[in-house]
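Residues per chain, in single letters:
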Amino acid sequence: MIFADLKDFLEEKYDLYNRESFIESDPIQIPKQFSRKEDIEIAGFLSASIAWGQRPTIIRNAKRLMEFMNQQPYEFLMNSTEANLDVFREFKHRTFNGDDCIFFIKSLKNIYQKHDGLESVFTKGFNKGGDVKSAIAYFREVFFEPEHLDRTQKHISNVLKKSSAKRINMYLRWMVRDDERDVDFGLWKGIESKDLFLPLDVHTGNVGRKLGLLTRKQSDWLAVEEITKSLRTFDPNDPVKYDYALFGLGIFEKF
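As the structure is a computational prediction, the values presented were derived from the model and not from experiment. (Residues numbered from 1 in each chain as written. Predicted model: local features only at pLDDT ≥ 70, side-chain atom pairs only at ≥ 80, totals over all residues. Heavy atoms only, no water.)

K.L.:
Account for the overall build of the chain, naming residues and giving values.
P.N.:
The helix and strand inventory of the chain stands at 11 helices and 2 strands. Listing each helix as α and each strand as β along the chain from the N terminus yields α-α-α-α-β-β-α-α-α-α-α-α-α. For the chain, whose C-alpha radius of gyration is 18 Å, the value lies close to the compact-globule estimate of 18 Å for 255 residues. By its C-alpha atoms, the chain is 60 × 35 × 30 Å across when sized along the principal axes. By the burial criterion, 58% of the 255 residues in the chain qualify as buried. (Helix = DSSP H or I, 4+ residues; strand = E, 2+ residues; numbered from the N terminus. Rg over C-alpha atoms; globule rule 2.2 N^0.38 Å. Buried < 20%, exposed > 50% of the residue type's maximum accessible area, 1.4 Å probe, protein only.)

Shown next, in the form of C-alpha cells:
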C-alpha cells in the first residue's frame, strides 16, 4: 500500500475497534469496574501483568484477583497483612504463581506508601530519562526494592535487556491515552500520548510486518521502536491508537 492508502486503512480499522464494544472482550474491562483512581491503577496493573495467553482466561483470573481483594484493590493493598495475603497462595496464571502474586501486592503497597503511587513512579522515571523506556526501567528498579525471589523478576519486563515490555506498554496506553472514546482512561498527565510505544505482541507484530510497518523479525525493544516510529508518521500525537487497528486485524480478522 502507498502511504495515503495505508493511513486511511489504519484509520478505518482504528475507528472500527477503538469503541466501547472492545471492552467486553478485553482485560481492560477489569479496571473499568472502578471509579477511584487508585483502584483503576492497581486493578489495571495486575490485569495487565497477567495479560498473556487466551483472553478469556486472563479476564477470569484477573476477576479472581479482584475477588481476593474484596473488590477494593487500594483499600486491601494498604491494609494488607501476611495473614490476609495467604489467599493468593493458590493463585496461578501460567508461570505467574502465588509467590509472585504476593510479592506484587507487597511491592505495590511499597510504591503507594513510599513513592506516592504508580503514576508518580512512572512519571519520575520518564522525567529522568525523557522517554517511556526510561520510565519503564525506573519503574522496574523501584518495583523490586522489597525482598523478592529471583524467579519473580521475569514477570516485569527489562527494557534494558531489550524486552518488548508488551504488558507494561499496554498498561501505559490504558492509563495515559485519552481520545474521549471511553476505552483508555487518560488518567495520567505526566506522560503524553505522543510518547507512548506500541504494545508489541505476536498479533500486532505479524500484522505490522505484513503491512510493511516493521522489518525486524525479532519482537524485542528495537522492534517496538521501529514499529512505533512507523506509526508516528501517520499520527505523531497519538501513534499507539493504531494498536486497536493492528490488534483487531490480527485477532478478529485473522489478517
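K.L.:
Break down the packing of helix α2 (residues 37-49) against helix α3 (residues 55-68) for me, with residues and values.
P.N.:
Packed helices, taken two at a time, are described by the angle their axes make and the gap between the axes. At a minimum axis separation of 9 Å, α2 and α3 run at an interaxial angle of 140 degrees. The orientation of α2 with respect to α3, classified from their angle, is oblique. Crossing handedness for the pair α2 and α3: right-handed. Residue-level contacts link A43, L46 and S47 of α2 to I58, A62, L65 and M66 of α3. Residues that form the contact of α2 with α3 fall into these classes: 6 nonpolar, 1 polar and no charged. (Axes fitted to C-alpha atoms, helices over the stretch in contact; angles between N-to-C directions. Parallel < 35°, antiparallel > 145°, perpendicular 65-115°, else oblique. Left-handed = near helix turned anticlockwise from the far one by under 90°. Contact = heavy atoms within 4.5 Å. Nonpolar A, V, L, I, M, F, W, Y, C, P; charged D, E, K, R; others polar.)

K.L.:
Please give an account of the pattern of salt bridges that cites residues and values.
P.N.:
Under the criterion given, the structure shown has 22 salt bridges. A salt bridge links E41 to K37, with the shortest nitrogen-to-oxygen separation between them at 2.4 Å. With a gap of 4 residues between them, E41 and K37 both fall in helix α2, about one helical turn apart. On the basis of relative accessible area, E41 is assigned to the buried category, the value being 1%. In this structure, D220 and R216 form a salt bridge, with 2.7 Å as the shortest nitrogen-oxygen distance. (Salt bridge = Lys/Arg side-chain N within 4 Å of Asp/Glu carboxyl O.)

K.L.:
Account for the packing of helix α1 (residues 3-17) against helix α11 (residues 242-251), with residues named and values stated.
P.N.:
As a packed pair, α1 and α11 sit with axes 7 Å apart at the nearest point and diverge in direction by 85 degrees. The angle between α1 and α11 places the two elements in the roughly perpendicular class. The segment α1 lies against α11, with K7, F9, L10, E11, K13, Y14 and Y17 engaging Y242, Y244, A245, L246, G248 and L249.

K.L.:
Describe in detail the packing of aromatic side chains, supporting the description with residues and values.
P.N.:
A full pass over the atoms with the stated rule returns 24 aromatic pairs. Both rings, one in F22 and one in Y244, keep their centres 5.1 Å apart while their planes meet at 75 degrees; by these two values the pair is edge-to-face. Of this pair, F22 sits in the loop between α1 and α2 while Y244 sits in helix α11, and the two are 222 residues apart along the sequence. Summarising the aromatic geometry, the rings of F96 and F104 are spaced 5.0 Å apart at their centres and angled 90 degrees between planes, so their arrangement reads as edge-to-face. Residue F96 shares its accessibility class with F104, and that shared class is buried. We note K32 situated over the ring of F185; from NZ or CZ to the ring centre the distance is 4.4 Å. (Phe/Tyr/Trp six-rings, centres within 6.5 Å; stacked < 30°, edge-to-face > 60°. Lys NZ or Arg CZ within 6 Å of the ring centre and 35° of its normal.)

K.L.:
Describe in detail the side chain of K13, supporting the description with residues and values.
P.N.:
Position of K13 among the secondary structure elements: in helix α1. A relative accessible area of 10% means that K13 is categorised as buried. At 3.1 Å, the side chain of K13 and the side chain of E253 are in polar contact. (Polar contact = N/O pair within 3.5 Å; in protein donor to acceptor, adjacent residues only side chain to side chain.)

K.L.:
Could you give me a rundown of the environment of L246, with the residues and numbers involved?
P.N.:
Following the sequence through the fold, L246 ends up in helix α11. It is 11 Å that separates the C-alpha atoms of L246 and E11, two residues lying 235 residues apart in sequence. Among all residues touching L246, those that are not within four sequence positions of it are L10, L198, H203, T204, V207, L211, L213, I227 and L231.

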